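Now for the letters of each chain:
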Amino acid sequence: MGKRKRPCSERSPIVANVLLPQKKHYRQRAHANPFSDHALDYPISPQAMDWSEHFPAFVNTGKTPEFADIGCGFGGLLIALAPLFPDTLMLGLEIRVQVTQYVQDRIAALRMTSASVTPPSTSITAAPYQNVSVVRANAMKFLPNYFPKHSLSALFFLFPDPHFKARKHKARIISPTLLAEYAYILKPGGIVYTITDVRDLHEWMTTHLESFPLFEGVSEADLREAGKGPILDAVYSSTEEGKKVERNGGDKWLACFRRKETTRISK
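The rules we used
- Residues numbered from 1 in each chain as written.
- Predicted model: local features only at pLDDT ≥ 70, side-chain atom pairs only at ≥ 80, totals over all residues.
- Heavy atoms only, no water.
- pLDDT = per-residue confidence, 0-100.
- Contact = heavy atoms within 4.5 Å.
- Axes fitted to C-alpha atoms, helices over the stretch in contact; angles between N-to-C directions.
- Helix = DSSP H or I, 4+ residues; strand = E, 2+ residues; numbered from the N terminus.
- Parallel < 35°, antiparallel > 145°, perpendicular 65-115°, else oblique.
- Left-handed = near helix turned anticlockwise from the far one by under 90°.
- Buried < 20%, exposed > 50% of the residue type's maximum accessible area, 1.4 Å probe, protein only.
- Pairing = 2+ DSSP bridges.
- 1 Å grid on protein atoms, 1.4 Å probe; cavity = no way out; pocket = protein on both sides within 12 Å on 5 of 7 lines; lining within 4 Å.
- Points joined across faces, edges and corners; volume = space filled by probe spheres on them.
- Nonpolar A, V, L, I, M, F, W, Y, C, P; charged D, E, K, R; others polar.
- Polar contact = N/O pair within 3.5 Å; in protein donor to acceptor, adjacent residues only side chain to side chain.
- Expected span 1.5 Å × (residues − 1).
- Arc of directions from axis to C-beta.
- Salt bridge = Lys/Arg side-chain N within 4 Å of Asp/Glu carboxyl O.

**Student:** I would appreciate a short explanation of the confidence of the model for the chain in the present structure.
**Tutor:** As a note on interpretation, predicted positions should not be read in detail where pLDDT is low. Per-residue pLDDT for the chain has a mean of 86; in total, 81% of the residues score no lower than 70. Note on residues 1-16: pLDDT under 50 across the span, and three contacts to partners over four residues away in sequence or across chains.

Written out as structure tokens, the structure reads:
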């Protein structure tokens, strides 16, 4: 007697798994030098950026990215947050070529497989994962080329390169110069989320953010009370690095800061 074939509905999870990219095919160094001359394409201004190719389901809606994951790695945060905030556009910025390609392929696969299993009637504005994308970019140089003033409500710096040597500290993603850019693109009330498993780096980031006049610290408890618990849970556990720290029993240090409101003083 021949082997009974399973219905298509039973086979669909296997098909989905086959379509998803595998990291072993996207080998890349753990970090890249942000001061090297990378061959990057970037818009001359935010107004020149065409978001339609990144978020085709949101064409003609006037929407632009509100969440930005700086150094998004393999896209764990984006993928975790996408279904939680289906109407919020999210962009990952990653400097490494192969890692960026992996995230692009991962999003494309998730869009394809999700579209095949999503019921026709749904409360979500667009199909799953249509609200996330990634660009290859050097956030230390070109962030204002992508985001206009006061356009973001959340900036994420999850397990950034610690650059342990003192002479490399200038390459850390949190610095007085870069904080001015982050304050420029964040809406008043927007949140900067930082987390690391390196205590020295945590203290460095916290000290610089506390010293910058346009940011104020906000506790995890206050953020959870404000309804941002799902974001914090993703910050802790959605990334490859975060999961690795958990497996190794390491510590994680979280620090979050709010963009202050500013008032102009009339002359």
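**Student:** Which parts of the structure should I look at to understand the packing of helix α4 (residues 139-146) against helix α5 (residues 176-185)?
**Tutor:** In helix packing, the relevant descriptors are the interaxial angle and the interaxial distance, both defined with respect to the helix axes. Following both chains from N to C, one finds α4 and α5 inclined at 20 degrees, their axes separated by 10 Å at the closest point. Judged on the interaxial angle alone, α5 and α4 are roughly parallel. The hand of the α4/α5 crossing is left-handed. In this structure, α4 contributes Ala139, Met140, Leu143 and Pro144 to the contact, and α5 contributes Leu178, Glu181, Tyr182 and Ile185.

**Student:** I'm lost on the pairing of strand β3 (residues 132-136) in this one. Help?
**Tutor:** It is a general feature of regular strands that their side chains alternate between the two faces of the sheet. For β3, the tally of buried residues reaches four of five residues, placing the bulk of the element in the interior. As defined by bridge partners, strand β2 (residues 90-94) adjoins β3 across five bridges and the pair is classed as parallel. Residue pairing for β3: Leu91 is matched across the bridge by Ser133.

**Student:** How do you make sense of the layout of surface pockets when you look at a structure like this?
**Tutor:** The gaps of empty space that remain are located by a probe, the size of a water molecule, rolled over the atoms. Space inside the second largest pocket adds up to approximately 200 Å³. Surrounding the second largest pocket, 13 residues form its lining, Asp41, Met49, Glu53, His54 and Val135 being those nearest its centre. Every element with two or more residues in the lining of the second largest pocket is listed here: α3 (97-117) and β3. Sort the elements by how many residues they give to the lining of the second largest pocket and β3 lands first, with three residues. For the lining of the second largest pocket, the class distribution of residues is six nonpolar, three polar and four charged.

**Student:** Is there a simple way to think about the environment of His150 in this case?
**Tutor:** One can find His150 in the loop between α4 and β4 (152-158). Separated by 32 residues in the primary sequence, His150 and Tyr182 place their C-alpha atoms 9.4 Å from one another. The residues touching His150, leaving out its near neighbours within four places in the chain, are Ala183, Tyr184, Ile185, Leu186, Lys187, Pro188 and Arg259. Within the local environment of His150, its side chain forms a polar contact with the side chain of Arg259, the two groups lying 3.2 Å apart.

**Student:** It is not clear to me how the sheet that holds strand β5 (residues 186-196) should be interpreted in this structure. Could you clarify?
**Tutor:** Where strands meet in a sheet, backbone hydrogen bonds hold them as pairs that are either parallel or antiparallel. If you trace the seven strands from one edge of the open sheet to the other, you get β3-β2-β1-β4-β5-β7-β6, paired in mixed fashion. Since the sheet does not close on itself, it has two edges, and those belong to β3 and β6 (215-218), each with one partner. Direction aside, neighbouring strands of the sheet carry axes that sit 20 degrees apart on average. Bridge count for β5 against strand β7 (residues 253-259) is six bridges, and the pairing is antiparallel. Looking across to β7, one finds that Val192 is bridged to Phe257.

**Student:** Help me understand helix α6 (residues 199-211), please; the structure alone is not making it clear to me.
**Tutor:** Within an α-helix, residues lying three or four positions from one another point in the same direction, as the helix has 3.6 residues per turn. Between its terminal C-alpha atoms α6 stretches 18 Å, which fits the 18 Å expected from 13 residues at 1.5 Å a residue. Considered for burial, the residues of α6 that qualify are Leu201, His202, Met205, Thr206, His208 and Leu209. Taken around the axis of α6, the buried residues stretch over an arc of 170 degrees, which confines them to a single face. Opposite the buried face of α6, at more than 90 degrees from it, the exposed residues are Arg199, Glu210 and Ser211. In this structure, the buried side of α6 is in contact with α5, β5, β6 and β7.

**Student:** Help me out: how do you make sense of the pattern of salt bridges in this one?
**Tutor:** Applying the stated rule across the entire model yields eight salt bridges. Salt-bridge contacts for Arg224 lead to Glu220; the nearest nitrogen and oxygen are separated by 3.0 Å. Of this pair, Arg224 and Glu220 both sit in helix α7 (residues 220-225), four residues apart, which is roughly one turn of that helix. The partly exposed category is assigned to Arg224, whose relative accessible area is 33%. Here the residues in one salt-bridge network are Glu220, Arg224 and Asp233, joined through shared partners.

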